[in-house]
Amino acid sequence: MDILQILSAVLLGLGAILGVVGAIGILRFPDFYTRMHASGITDTLCTGFFIGGLMLQFGMTLASVKLLLIFMFMLFTCPTATHALAKAARHGKLKPWTRADADAGLSNEGRVS
Amino acid sequence: MILTSAALAILVTMLLAIIRALLGPTIYDRILAVNMFGTKTVLLIAVIAGIAGRGDYLDIALVYAMINFIAIVAVMKYFEYGSLGSIGNDAPGKQEGE
Amino acid sequence: MKHMTGLLFFLALLWWVLSGYTKPLLISLGIVSVLFVAFVAHRMDVVDEESHPLHLSLKLIRYWLYLLGQIVISNVKMVLIILSPRPDINPRIITVRTAQRSELGKVVLGNSVTLTPGTVTLQVEGDMIEVHALNDDSAKDVEQGTFDQRVPASIEEKS
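As the structure is a computational prediction, the values presented were derived from the model and not from experiment.

### Overview of the overall build of chain C
- When helices and strands are tallied, chain C shows seven helices and three strands.
- In sequence order, chain C lays out its α and β elements as α-α-α-β-α-β-β-α-α-α.
- Here chain C holds 159 residues, and the buried ones make up 42% of them.
- Taking the intrachain contacts of chain C between residues at least 6 apart in sequence as the baseline, contacts between residues at least 24 apart amount to 70%.
- Looking at chain C as shown, the accessible area adds up to about 9300 Å², and 65% of this sits on carbon and sulfur atoms.

Now the structure itself:
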């Protein structure tokens, strides 16, 4: 096992951890707006680690360039999709969860103001 | 071996995302989870390309990323504004007052 | 004209990277498709400064490196928040004034804010941007306008 393989394994492992953590976040957080932040983790760094690890696996080939293209594309589209979702949720008058609601014992999950 | 475990981790992530999509009280939660599911699918295809050792599979991943993005925006727009827009009326939501 | 040349070069490079063919017949087909796409883009009138910001490529790279660092930092913070038994979250919506004048500058700023976990741009209205922040820490970053100052200034000058 040479050094590139080890580095690739480390990157893939980190990516896997970030992905699972992001998914846990999407399950744990109280409302839609906070969940968006959790999904942001998996969109950025998790993707980056996976693509990096795979690029080391493929080496200096055309496949690595394609992987880089995929990464660039996702880096541009993910915030756009998140923003479209957030704007739609605002337009749909979805009320954001706040600390004050939680203290008052209210769960306003999915409440529309 | 490394790649197989990476693929398994992605599958776990996808499973958790699907749970949120099934639970998700509002439509937005569901679409968020589906969006995450889609981006993970792109990564899964890329990892499978690594396992099979075939670079051609990456084209499929790229196309899937594009379809996923367009699908999310289209579904969102349809649910929120009730239409996908028509000629000479690019943003149907604008008329209703933001 | 400069932008058209840039577009043609970019498309040709993209075609070759995605296909990897070297046979003359296939390359000529590729050239035809590149020209067709360039023609459609010209008809749609989207070949301009906004879609091809050639003038700021070097500064953009420096900005990207900075953005990458920010993304890594806030990712680590988010992981700690998610894994802590009682997540320290205090979400709020804040409105900040941006120094960006051009549309492109606002888009770059909005996307950067969304790209860093912990903050999401909800709306850009005039020179105000509305940001949903997860906790006090991430809200502070946006309020201080660190990104705002970092967005390459050349976006300002040109458009």
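### Here's the deal with the side chain of B:Asn35
- When you line up the elements, B:Asn35 lands in helix 2 (residues 27–52).
- The buried category is assigned to B:Asn35, whose relative accessible area is 4%.

### Comments concerning the nonpolar core
- Among the nonpolar cores identified, the biggest contains 61 residues, and A:Phe29, A:Phe50, A:Ile70, B:Leu58 and C:Tyr63 are the most heavily contacted of them.
- Here this core takes nine residues from helix 3 (residues 57–83) of chain C, the largest share from any one element.
- Residues within four places of B:Leu58 in sequence aside, it is in contact with A:Phe58, A:Ala63, A:Lys66, A:Leu67, A:Ile70, B:Ala46 and B:Ala49.

### Examining the packing of helix 2 (residues 32–58) of chain A against helix 3 (residues 62–91) of chain A
Residues and elements named next belong to chain A.
- For the pair helix 2 and helix 3, interaxial distance at closest approach is 9 Å and the crossing angle is 175°. Here helix 3 runs roughly antiparallel to helix 2, going by the angle between their axes.
- Residues of the contact of helix 2 with helix 3, tallied by class, amount to 17 nonpolar, five polar and two charged.

### What about the pattern of salt bridges?
- Applying the stated rule across the entire model yields five salt bridges over all chains.
- Put simply, A:Lys66 and B:Asp59 hold a salt bridge, and the shortest N to O gap is 3.2 Å. Of this pair, A:Lys66 sits in helix 3 while B:Asp59 is found in helix 3 (residues 57–81), placing the two residues in two different chains.
- A relative accessible area of 9% means that A:Lys66 is categorised as buried.

### Things to note about the pairing of strand 3 (residues 128–133) of chain C
Residues and elements named next belong to chain C.
- Strand 3 sits mainly inside the fold: five of its six residues count as buried.
- Relative to strand 3, strand 1 (residues 92–97) runs antiparallel, the two being bridged by six bridges. The residue bridging Arg92 from the neighbouring strand is Ala133, located in strand 3.
- Two strands pair when backbone bridges link them, and strand 2 (residues 119–125) and strand 3 are joined in this way by six bridges, in the antiparallel orientation. Bridge pairing in strand 3 places Thr121 opposite Val131.
- If you look at the hairpin formed by strand 2 and strand 3, you'll find two residues sitting between the two strands, and Gly126 has a positive phi there, around 60°.

### Quick word on the environment of C:Glu125
All names here are of chain C.
- Mapping Glu125 onto the fold places it in strand 2.
- What makes Glu125 exposed here is its relative accessible area of 53%.
- Separated by 28 residues in the primary sequence, Glu125 and Arg97 place their C-alpha atoms 9.8 Å from one another.

### Some thoughts on the environment of B:Thr4
- In this fold, B:Thr4 is placed in helix 1 (residues 2–23).
- The sequence separation of B:Thr4 and B:Gly50 amounts to 46 residues, and the corresponding C-alpha distance is 9.5 Å.

### Points about the packing of aromatic side chains
- A complete count under the given rule lists three aromatic pairs over all chains for this structure.
- Ring plane angle 65° and centroid distance 5.4 Å describe the contact between A:Phe32 and A:Tyr33, whose orientation is recorded as edge-to-face. The exposure classification of A:Phe32 matches that of A:Tyr33, with both residues buried.
- Note on B:Tyr78 and B:Phe79: the rings are 6.4 Å apart at their centroids and 75° apart in plane angle, and the pair reads as edge-to-face.
- With a relative accessible area of 49%, B:Tyr78 lands in the partly exposed category.
- In this structure B:Phe79 comes out as exposed when scored by relative accessible area, which is 52%.
- An aromatic cluster of three or more residues is present, and its members are A:Phe32, A:Tyr33 and B:Tyr28.

### Structural notes on the packing of helix 2 of chain B against helix 3 of chain B
All names here are of chain B.
- As a packed pair, helix 2 and helix 3 sit with axes 9 Å apart at the nearest point and diverge in direction by 175°. Relative to helix 3, helix 2 is oriented roughly antiparallel.
- Tallied by class, residues from the contact of helix 2 with helix 3 come to 20 nonpolar, five polar and one charged.

Criteria and thresholds
- Residues numbered from 1 in each chain as written.
- Chains lettered and ligands numbered in written order.
- Predicted model: local features only at pLDDT ≥ 70, side-chain atom pairs only at ≥ 80, totals over all residues.
- Heavy atoms only, no water.
- Helix = DSSP H or I, 4+ residues; strand = E, 2+ residues; numbered from the N terminus.
- Buried < 20%, exposed > 50% of the residue type's maximum accessible area, 1.4 Å probe, protein only.
- Contact = heavy atoms within 4.5 Å.
- Areas by Shrake-Rupley, 256 points an atom, 1.4 Å probe, with all protein chains shown as cover.
- Core = buried A, V, L, I, M, F, W, Y, C linked by side-chain atoms within 4.5 Å.
- Axes fitted to C-alpha atoms, helices over the stretch in contact; angles between N-to-C directions.
- Parallel < 35°, antiparallel > 145°, perpendicular 65-115°, else oblique.
- Nonpolar A, V, L, I, M, F, W, Y, C, P; charged D, E, K, R; others polar.
- Salt bridge = Lys/Arg side-chain N within 4 Å of Asp/Glu carboxyl O.
- Pairing = 2+ DSSP bridges.
- Phe/Tyr/Trp six-rings, centres within 6.5 Å; stacked < 30°, edge-to-face > 60°.

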